[in-house]
Amino acid sequence: MQTTSDEVLIGRIANGDRLAMQVLFARHHVAVYRFVLRMVRNDATAEDVISDVFLDVWRQAGSFAGRSAVSTWLLSIARFKALSALRRRPEAELDEEMAEAIEDHADDPEVALAKKDKGAALRQCLTKLSTEHREIVDLVYYHEKSVEEVAAIVGIPEATVKTRMFYARKKLSELLKERGIDRGWP
Amino acid sequence: MNTVNERQRDDIEELLPWHAAGTLDHRDMQRVESALAADPELARRYEMVREELAQTIHLNETLGAPSPRAMAALFAKIDAEPARRPRLSAVLMARIGEFFAALSPRTLAWSATAAALAIVLQAGLIAGVLLGEKSPSGYETASAPANVGGPGAYVLIRFQPQANAAAIDHFLETNKLSIVGGPSAGGLYRVRVAAVKLPSDDVDRIVRTLQTDKVVAFIAVSE
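Residues numbered from 1 in each chain as written. Chains lettered and ligands numbered in written order. Predicted model: local features only at pLDDT ≥ 70, side-chain atom pairs only at ≥ 80, totals over all residues.

**Student:** Mind laying out the packing of helix H1 (residues 6-21) of chain B against helix H3 (residues 40-61) of chain B, listing which residues take part and the relevant values?
**Tutor:** Axes are the key here: two packed helices are described by the angle between their axes and the distance separating the axes. All names here are of chain B. The N-to-C vectors of H1 and H3 enclose an angle of 35 degrees; their axes lie 9 Å apart at closest approach. Where H1 crosses over H3, the handedness of that crossing is right-handed. Residue-level inspection shows Arg9, Ile12, Glu13, Leu16, Pro17, Ala20 and Ala21 of H1 in contact with H3, the latter providing Leu42, Arg45, Tyr46, Val49, Arg50 and Leu53. (Axes fitted to C-alpha atoms, helices over the stretch in contact; angles between N-to-C directions. Helix = DSSP H or I, 4+ residues; strand = E, 2+ residues; numbered from the N terminus. Left-handed = near helix turned anticlockwise from the far one by under 90°. Contact = placed C-beta atoms within 7 Å.)

Here it is, written out as structure tokens:
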């Protein structure tokens, strides 16, 4: 079965085709939502952001130049909107998040369990990365974006993409070590 | 380090996440695979990358999906937007995109062959015109009579098969061009480059400029 390409859908959306918009939304909204949620860490905010993202698509479909994949375009709009939402977030909320990020990692029952389950520990550490590191890890591992695509989404040179990913992974190892799991790297 | 020097290992190590995700190009993929086969320490680190990949997917998959509220909010906003009139170029480009997307690989292969033949024919005809060897009846494309589009300056363009609709649309808009006819056999479109007739030197200059665009596979002046 042949499915309509994202580029064709964008062409139809540019002409005001509401059904094409529904198809594009159905196809991409979960991935965009998860990308945004990992950045803003709030369900309601993430939902607001994704409806804004797709509204931008509705308005700007006619100017989509096709230089990148539609999913890459969506994620770059989503990133911009998520960062704007983070900037609007009240200071108190940010302080709370900061405190959570630097909490004492003594061996509470959760951490003790994590030591037994390396996968669970890794997932915990993935949530503790900075926004900058979280987004690059997600883009590469979950959203399957190439070096070039990540550079386009984040707006940094390709060489910086590689080094940022390297340092994000290094930070991940350090966080694991704090939880008693030494990977022998870096 | 036994087999790969430090610098090479650093370069390769930076690529491991993309290798695990399957997003490297063929050349880099082969570089990484050769290095992994020759360097056990690098292979050990690659296993860490694969663990990270698996757990990142696991983590994201547990995040759930947005509620129907997100879609309702979106379409409420869309409904509140002013109605828009479809742009002619966008309609045309969408149709071109859908036409190419619907072709099977075999059909595309035959089309490419037909296009190649058309180019040879076109080149011969252009050469004939340049040498002043005008055929008794004159030349016109089978599906696009020379007078299509009214007065103005015209060219014939065949777009690159891999050029998508949005890229072609962008090319037409940027250069203020309008498709007035086609596609004829071989995928040639008759395109207006100016609303008034231009001296042949000016049209030649426009052709030279347009043929540098990556979406253009073939371009020639049309009478």
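**Student:** Please provide a residue-by-residue account of the confidence of the model for chain A, values included.
**Tutor:** Interpreting fine coordinate detail is not advised for predicted regions of low pLDDT. Residue and element names in this part refer to chain A. Considering every residue of chain A, the mean pLDDT works out to 88; 84% of them sit at 70 or more. Ranking the elements of chain A by mean pLDDT puts helix H5 (residues 91-101) last with 54 and helix H8 (residues 131-142) first with 97. Between residues 101-106, whose pLDDT stays under 50, and residues either more than four places distant or in other chains, the model counts four contacts. (pLDDT = per-residue confidence, 0-100.)

**Student:** Before we move on, could you go through the interface of chain A and chain B and cite the residues and values that matter?
**Tutor:** The interface is formed by 48 residues belonging to chain A together with 43 residues belonging to chain B. The dominant element in the side of chain A that touches chain B, judged by the number of residues it contributes, is helix H2 (residues 18-40) of chain A, at eight residues. Counted by class, the side of chain A that touches chain B contains 26 nonpolar, ten polar and twelve charged residues. (Nonpolar A, V, L, I, M, F, W, Y, C, P; charged D, E, K, R; others polar.)

**Student:** Before we move on, could you go through the environment of Pro151(B) and cite the residues and values that matter?
**Tutor:** All names here are of chain B. Structurally, Pro151 can be placed in the loop between helix H6 (105-130) and strand E1 (153-159). Assessed through the 11 C-beta atoms surrounding it within 10 Å, Pro151 is described here as exposed. On a C-alpha basis, the gap between Pro151 and Lys197 in space is 6.4 Å, while along the polypeptide they are 46 residues apart. Aside from chain neighbours lying at most four places away, what touches Pro151 is Val196 and Lys197. (Buried ≥ 20, exposed ≤ 12 C-beta atoms within 10 Å, placed from the backbone.)

**Student:** Got a sec to walk through the pairing of E1(B)? Specific residues and values, please.
**Tutor:** Remember that side chains alternate between the two faces of the sheet whenever the strand is regular. All names here are of chain B. Across the seven residues of E1, seven count as buried, placing the element largely inside the fold. Burial of the side chains of E1 extends over both faces: Ala153, Val155, Ile157 and Phe159 are buried on one face and Tyr154, Leu156 and Arg158 on the other. Of the strand pairs in this sheet, E1 and strand E3 (residues 189-194) are connected by five bridges, and their pairing is antiparallel. Bridge assignment links Tyr154 to a residue of E3, and that residue is Arg192. (Pairing = 2+ DSSP bridges.)

**Student:** Which residues make up the sheet that holds strand E4 (residues 216-222) of chain B, and what values go with them?
**Tutor:** Residues and elements named next belong to chain B. The antiparallel open sheet is built from four strands, whose spatial order is E2-E3-E1-E4. Every other strand in the sheet has two partners, leaving strand E2 (178-181) and E4 as the edge strands with one partner each. Neighbouring strand axes in the sheet, compared pairwise and without regard to direction, differ in orientation by 40 degrees on average. The strands that helix H8 (residues 200-210) touches are E1, E3 and E4; relative to E4, the one it contacts most, it runs at about 175 degrees.

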